[in-house]
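# Close look at the chain arrangement
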Amino acid sequence: MIQNETMKSILARRSYKMFDGRPIDDESLDTIITAGLYAPTGMNRQPWHFTVIKSAEMMAKFGAARRAVPLPPGIPAMGDPMRNAPVMILVSAQEGGTAAQDCCLAMENMFIAAASLGIMSGWDHATVMDVFERNPELRAELIPEGYKLHAAAFFGYPGPEVKDRGERKGTVSYK
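Cut-off values and rules
- For every chain, the first residue of the written sequence is number 1, and numbering continues from 1 onward in sequence order.
- The predicted origin of the model limits local features to residues at a pLDDT of at least 70 and limits the giving and counting of side-chain atom pairs to 80 or more, whereas totals for whole chains, interfaces and linings rest on all residues.
- The basis for the side-chain values is all heavy atoms of the structure; hydrogens and waters are excluded.
- Pairing of aromatic side chains here covers Phe, Tyr and the six-membered ring of Trp, requires ring centres within 6.5 Å, and sorts the geometry by plane angle: under 30 degrees stacked, over 60 edge-to-face, intermediate tilted.
- Where helices and strands are cited, they refer to DSSP runs of H or I of at least four residues and of E of at least two residues respectively, numbered from the N terminus.
- Summary of the burial criterion: residues with accessible area below 20% of their type's maximum are buried, those above 50% are exposed, and those between are partly exposed, where the area comes from a 1.4 Å probe applied to protein chains only.
- Any Lys NZ or Arg CZ found within 6 Å of a ring centre and within 35 degrees of that ring's normal is scored as a charge over the ring.
- Confidence scores per residue from the predictor, reported as pLDDT, run from 0 to 100.
- Note on definitions: angles span 0 to 180 degrees between N-to-C directions of axes, and those axes are lines fitted to C-alpha atoms, for helices only across the stretch in contact.
- The scheme is simple: roughly parallel for angles under 35 degrees, roughly antiparallel for over 145, roughly perpendicular for 65 to 115, oblique for anything else.
- By definition, residues are in contact when any of their heavy atoms lie within 4.5 Å.
- The classification used treats Ala, Val, Leu, Ile, Met, Phe, Trp, Tyr, Cys and Pro as nonpolar, Asp, Glu, Lys and Arg as charged, and all other residues, Gly among them, as polar.
- For this document, the term salt bridge refers to a Lys or Arg side-chain nitrogen within 4 Å of an Asp or Glu carboxyl oxygen.
- Paired strands are those between which DSSP finds at least two bridges.

Looking now at the packing of aromatic side chains. Applying the stated rule across the entire model yields 5 aromatic pairs. Where Phe62 meets Phe132, the ring centres are 5.9 Å apart and the plane angle is 90 degrees; that geometry is what we call edge-to-face. Of this pair, Phe62 sits in helix α3 (residues 56–67) while Phe132 sits in helix α5 (residues 125–134), and the two are 70 residues apart along the sequence. Phe62 sits in the buried class, given a relative accessible area of 0%. Each member of the aromatic cluster is reached from another via a ring pair, and the members are Phe111, Trp123 and Phe155. The positively charged end of Arg13 is found above the aromatic ring belonging to Phe111, 4.3 Å away from the centroid.

Here we come to the confidence of the model for the protein. The predicted coordinates should not be examined in detail at positions where pLDDT is low. Summary statistics for the protein give a mean pLDDT of 90 and a share of 94% for residues scoring 70 or more. At the low end of the mean pLDDT range in the protein sits helix α1 (residues 5–12), at 87; at the high end sits helix α2 (residues 26–37), at 98.

So, about the packing of α3 against α5. Relative orientation of the contacting elements α3 and α5 amounts to 90 degrees, with a least axis distance of 9 Å. On the basis of the axis angle, α3 is roughly perpendicular to α5. Here α3 contributes Phe62, Ala65 and Arg66 to the contact with α5, which in turn contributes Thr127, Val128, Val131 and Phe132. Here the contact of α3 with α5 is composed, by residue class, of 5 nonpolar, 1 polar and 1 charged.

Our focus in this paragraph is the pattern of salt bridges. Between side chains of opposite charge, a pair can form when the charged atoms approach closely. A complete count under the given rule lists 6 salt bridges for this structure. Residue Glu5 is joined to Lys8 by a salt bridge in which the shortest nitrogen-to-oxygen separation is 3.4 Å. Residue Glu5 and its partner Lys8 are located together in helix α1, separated by 3 residues, close to a single helical turn. Here Glu5 falls in the exposed class, since its relative accessible area comes to 58%. One continuous salt-bridge network, built from bridges that share partners, spans Arg66, Arg83 and Asp124.

Before going further, it helps to examine the sheet that holds strand β3 (residues 120–123). Sheet architecture is open: 4 strands sit in the order β1-β2-β4-β3, paired in antiparallel fashion. What marks the edges here is a single partner per strand, and that holds for β1 (48–53) and β3. Taken pair by pair, the neighbouring strands of this sheet meet at an average axis angle of 25 degrees, ignoring direction. For strand β2 (residues 87–93) and strand β4 (residues 148–156), the ladder comprises 7 bridges, and the chain directions are antiparallel. Its bridge partner lying in β4, Val87 is registered against Phe155. Set on the sheet, α5 makes contact with β2, β3 and β4; between it and β4 the angle comes to about 120 degrees.

This is the structure:
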């Protein structure tokens, strides 16, 4: 396998459950957002809207709403519902075409760009959807009217626990 800076970032990226809380500087955050804006998109529609949550007040407000959502059976509580992350990014779009795929591609670009800067991420889409379902006023505050959430993740510097995710397994067929 060819090892270059892009591949190093892809291989270094993993989902983090806890961050160390250090703020992300504006230049790094702008780089992460720009990577999302340059993701592939069907027919170059660029349907997305990025909501970047970085204020302590909004993170606390969202955290309180998240604490009120019961966890599914068998899922252990993680402690801090916001994972001690300094930033949360939501990617939404109006429905139609390839909006869902485009939003996920934008988030993946942001994941890889963040990893290249030593900033890690953690996907949290399902829980955020539950929070919005139970708190339509919070959803209205964070997601533009007429848009649907397609991707949500935390970003920050890795916390103390870093697990080796092991070798990737799967099926690859060459024909």
